[in-house]
Amino acid sequence: MRPRKTTVIVHVIAWLIALAWIIPFLGVFMASIRPYSEIVSGWWNLEKFNLTLENFLKVWNHKNYPLSKGFINSFIIAVPSTIIPILVGTLAAYSFARFRFPTRDLLFLTIVILMSLPQQMVIIPVFLLTKKLGLWNTYGGLILLHSAFGLPWIVLFFRNFFVTLPVEIEEAAKIDGATDFQIYYKIVLPTSLPALASVAALQFTWVWNDFFFALIMLATPDRWVATQIIPALKGRYFIPWNLIAAASVLTMAVPVIVYALLQKYYVKGIVGGVIKG
Amino acid sequence: MRRNITPLLFLFPALILLITFVLYPTVATIWTSFLSWRGWRSTGFAGLDNYMEVLSRSSIINLRRSFLKGPPLGALLHNIIWVVIHVPLSMFLGLLLAVLLRRVKGGFLIKSVIFLGMVIPMVVGGILLRFIYDEHAGVVNAMLRAIGLGWMARTWTAYPDTALLALIFGSVWIWTGFCMIVYSAGLEGIPEELYEAARIDGASGFQIFRHITIPMLKPATMTNLMMTVLWDLKIFDIVYVATFGGPGRATTVLALEMYLDLFFKIPSNPGTAAAIATLLTLITLAFAIYMVRVAMVRK
C-alpha cells in the first residue's frame, strides 16, 4: 500500500499539469467569444466580459477570405484524399501480405522508406507536372498528391494488419471458387473495419491539417482550404486576434471532433503501427 | 498463370500514384538540384554549384556569427538546435506523464487533453504559440507579471535572442502528447507479473523503474526518438505562421528556406530550392535508416 499523502500529491501535480496544458486552448477559445478590445487587455480579465458570436460570423463570411468557403474546400479535398488512398492502399497491402512475387520485399522496403520523405522533396516536380497537365490550382491535383503521399504509411499499416488475419477463411473461399478480388472485397475488407477506422481517422485529420501542399497547389483564395485562411487573416503589422481565434477554433474543431468520436481507433492508428513495427 | 498477374493488378493503382507523385518527383528534385536555372528555365548542368551556394549562405549556416551569440545561426543549425532541445524534453515529459497519469483518477481525460496538441492543425499550433507569447494578449507575460517579473514581459517571438527558443519550448507543448501516448501504450504492454516478481524479491520502486520499466519501454523509446527527430527536421507550419522565420531569420528552418527560394525570391530559384530539399531529405533518410537498422538488429 502506498501512503495516502503521495497519492494526493500525485493527483494535484497531474491536474496542475493538465490545467497548464489546456491554458492556450482556453485562451484562444476565450479570444474567439470576446471583442478585440477585451482580448488585448488579456482574455483572463473577467471584470468586463461581453460574450459575442460576432467573431465567428465575421470570419465565416469574411469579405476576402470567407472561412465558409475554406471549410467547403477542405472537405472537398480531405474526403476523397481519405477514400482514394485507402482503396488503393488496401489493395496493394493485400498483395504484399498474401502473394509471392519477384521483387516483393524490395518493393515493400522502397515504399516504407518513402514514408519519411519530406513534402519539400516532391513539390517542385509536382508543381511543374500538375501545371503541365492543367491540374495545378485544382482540387483534383491536390487530392491526387495527398492520396499518393499518404499511401506509404497506409500500405505499411494494412500490410502489418493483414498478415495477422487468419488465412484459413480466405483459402476456404478460394476452394469455393472465389476470385482474389472477391476475397479481398467480401472477406478481407469487412473483417478490417477497426483498421479502416484507424486509418480513415488519421488520414482525414492529416489532410485537413495540411498546410504546405495546399499552400503550393492552391493559389486563388476562393479555392483555399481552411488552414490557408488562418494565416491570411493576419495582417503585416496588425493581428486581429478575435478573428484569428474564431477561425482557429472552428478549423481545429473538425479534427478534434474526429478524435473525440474515434479516439480508440485514432490512438491505435498511431501506436499500432509503430509499437509492433 | 493467373497467380502471376494478380499481385501486379492489386499493386497497379498504388504504383501509378506513387511513381507519378512521389518516386518520379523525388528523382526529378535531385536532378533539378544539379542544374542551373534562370527563373523556371534550366540553362544547363551545374554540378554541385547549387549545393555550394546553399551551404555558403548565412541563412543556412551562419559561420560569421559566434554560436554563443545565439540566433540567427542559419536554418541548418536551427533545425539541429530544435532537435537537441525538443527531443529530450518531449520524451522525458512524455514518459513522466505516461507513468504519472496511470495511477491518477481521470488520467484518461488529462491524457486526451495533452494529446490535443497532436490533433490540431500545426497552423493553429503556430497561432497559439504566437498568441501566448504576445506582449499584451499573451498569457505567458500575464504569468510573468503575476509573479513580479513584469519587466521581462515582451512579445517573445519578436526578438532574435528569444524567438527560436520560444518556438522550441512551444513545440514541446504541442508534441509531448505524442510521446506520452506511445509510452502509455508501451507501459500497458509490460506484464504485471514482472512487477510482482520484482516486488517479491524486494526491489524498490526506483529499482523496478530503472531495471524493468525502462528496458521494457525500449521499442516505445525508439519510436518516440525517431518520430520526434523527423518531426523536428521537417518543421514548417509553426514557423511559417508564428514568425515566418523572423525576426531577421532568427527562427528560419530548412523547409522554410526551401519555400522562400521557390516562391519568395524573384526570380524563383528551383535549383537551390531543390538542393535544400535534397539536403533535408538526406539528413532525414540517414536518420530514419539508421533507426530502422538499430531496431532490426534488436530483433
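These figures come from a predicted structure and were not determined experimentally.

What follows covers the overall build of chain B. For chain B, the count of helices and strands is 13 helices and 2 strands. Projected onto its principal axes, the C-alpha positions of chain B cover 80 × 75 × 30 Å. Across the 299 residues of chain B, 46% fall into the buried class.

All names here are of chain B. A small share of strand β2 (residues 41-45) lies buried, amounting to 0 of its 5 residues. Bridging between strand β1 (residues 35-38) and β2 involves 4 bridges; their strand directions are antiparallel. Opposite S36, over in β2, you have G44 as the bridge partner. In this structure, the hairpin formed by β1 and β2 is closed by a connection of 2 residues, where G39 is found at a positive phi of approximately 60°.

Contact residues are listed per partner, giving 65 residues for chain A and 68 residues for chain B. The element best represented in the side of chain A that touches chain B is helix α1 (residues 4-32) of chain A, accounting for 13 residues. Among the residues making up the side of chain A that touches chain B, the classes are represented as 50 nonpolar, 14 polar and 1 charged.

Let's shift gears to the domain arrangement of chain B. Many analyses report the size of an interface as the accessible area lost when the parts associate. Residues and elements named next belong to chain B. The assigned domain composition of chain B is domain 1 (25-65 + 254-299) and domain 2 (75-251). Each of domain 1 and domain 2 has a C-alpha centre, and the two are 29 Å apart. Counting from both sides, the interface comprises 14 residues of domain 1 and, opposite them, 16 residues of domain 2. Secondary-structure elements contributing two or more residues to the side of domain 1 that touches domain 2 are α12 (254-263) and α13 (270-298). Top contributing element to the side of domain 1 that touches domain 2 by residue count: α13, with 7 residues.

Another aspect to go through is the domain arrangement of chain A. All names here are of chain A. The assigned domain composition of chain A is domain 1 (1-52) and domain 2 (59-276). Between the C-alpha centres of domain 1 and domain 2 there is a distance of 33 Å. Contacts between the two partners involve 7 residues from domain 1 and, on the opposite side, 7 residues from domain 2. Sort the elements by how many residues they give to the side of domain 1 that touches domain 2 and α1 lands first, with 4 residues. Classifying every residue of the side of domain 1 that touches domain 2 by side-chain character gives 6 nonpolar, 1 polar and no charged.

On to the packing of helix α7 (residues 160-188) of chain B against helix α10 (residues 218-233) of chain B. All names here are of chain B. Interaxial distance between α7 and α10 falls to 9 Å at its minimum, and their mutual angle equals 160°. The pairing of α7 with α10 is recorded here as roughly antiparallel in orientation. Judged by the sense of rotation from one axis to the other, the crossing of α7 with α10 is right-handed. For the pair formed by α7 and α10, the contact residues are W175, F178, C179, V182, Y183, A185 and G186 on the first element and P219, A220, T223, N224, M227, T228 and W231 on the second. Residues belonging to the contact of α7 with α10 are distributed by class as follows: 10 nonpolar, 4 polar and no charged.

The next thing to look at is α7(B). An ideal rise of 1.5 Å per residue puts 42 Å on 29 residues; α7(B) measures up with 43 Å between its terminal C-alpha atoms. Along α7(B), the largest kink reaches about 40° and is centred on W175(B).

Further remarks concern the environment of S33(B). Residues and elements named next belong to chain B. For S33, the position within the fold is in helix α1 (residues 2-33). Using a count of 24 C-beta atoms within 10 Å as the deciding quantity, one classes S33 as buried. S33 sits 163 residues away from E196 along the chain, and the two C-alpha atoms are 59 Å apart. Among all residues touching S33, those that are not within four sequence positions of it are N50, G271, A274, A275 and T278.

Thresholds, definitions, all that
Per chain, residue numbering runs from 1 following the sequence as it is written. Whichever chain is written first becomes A and whichever ligand is written first becomes 1, with later ones labelled in order. Two thresholds apply to this predicted model, a pLDDT of at least 70 for residue-level local features and 80 or more for giving and counting side-chain atom pairs, whereas whole-chain, interface and lining totals are computed over all residues. Working definition: helices are DSSP H or I runs of at least four residues, strands are E runs of at least two. Numbering for both runs from the N terminus. Exposure criterion: with C-beta atoms placed from backbone coordinates, a residue whose C-beta has 20 or more other C-beta atoms within 10 Å is buried, one with 12 or fewer is exposed, and one in between is partly exposed. When DSSP finds two or more bridges between a pair of strands, those strands are recorded as paired. Our contact criterion uses C-beta atoms placed from the backbone: two residues qualify when those atoms are within 7 Å. In this classification, the charged set is Asp, Glu, Lys and Arg, the nonpolar set is Ala, Val, Leu, Ile, Met, Phe, Trp, Tyr, Cys and Pro, and all remaining amino acids, among them Gly, are polar. What counts as a domain boundary in this text is fixed by an automatic or database domain assignment. To define axes, lines are fitted to C-alpha atoms, for helices over the stretch in contact only, and angles between the resulting N-to-C directions are given on a 0 to 180 degree scale. Oblique is the label for any angle not covered by the other classes, which are roughly parallel (under 35 degrees), roughly antiparallel (over 145) and roughly perpendicular (65 to 115). Crossing chirality is assigned from the near helix's rotation relative to the far helix, an anticlockwise turn below a right angle marking it left-handed and a clockwise turn marking it right-handed. Expected helix span is given by 1.5 Å per residue-to-residue step, counting one fewer step than there are residues. Take the seven residues that end at a residue and the seven that start at it, fit an axis to each, and the angle between those axes is the bend at that residue.

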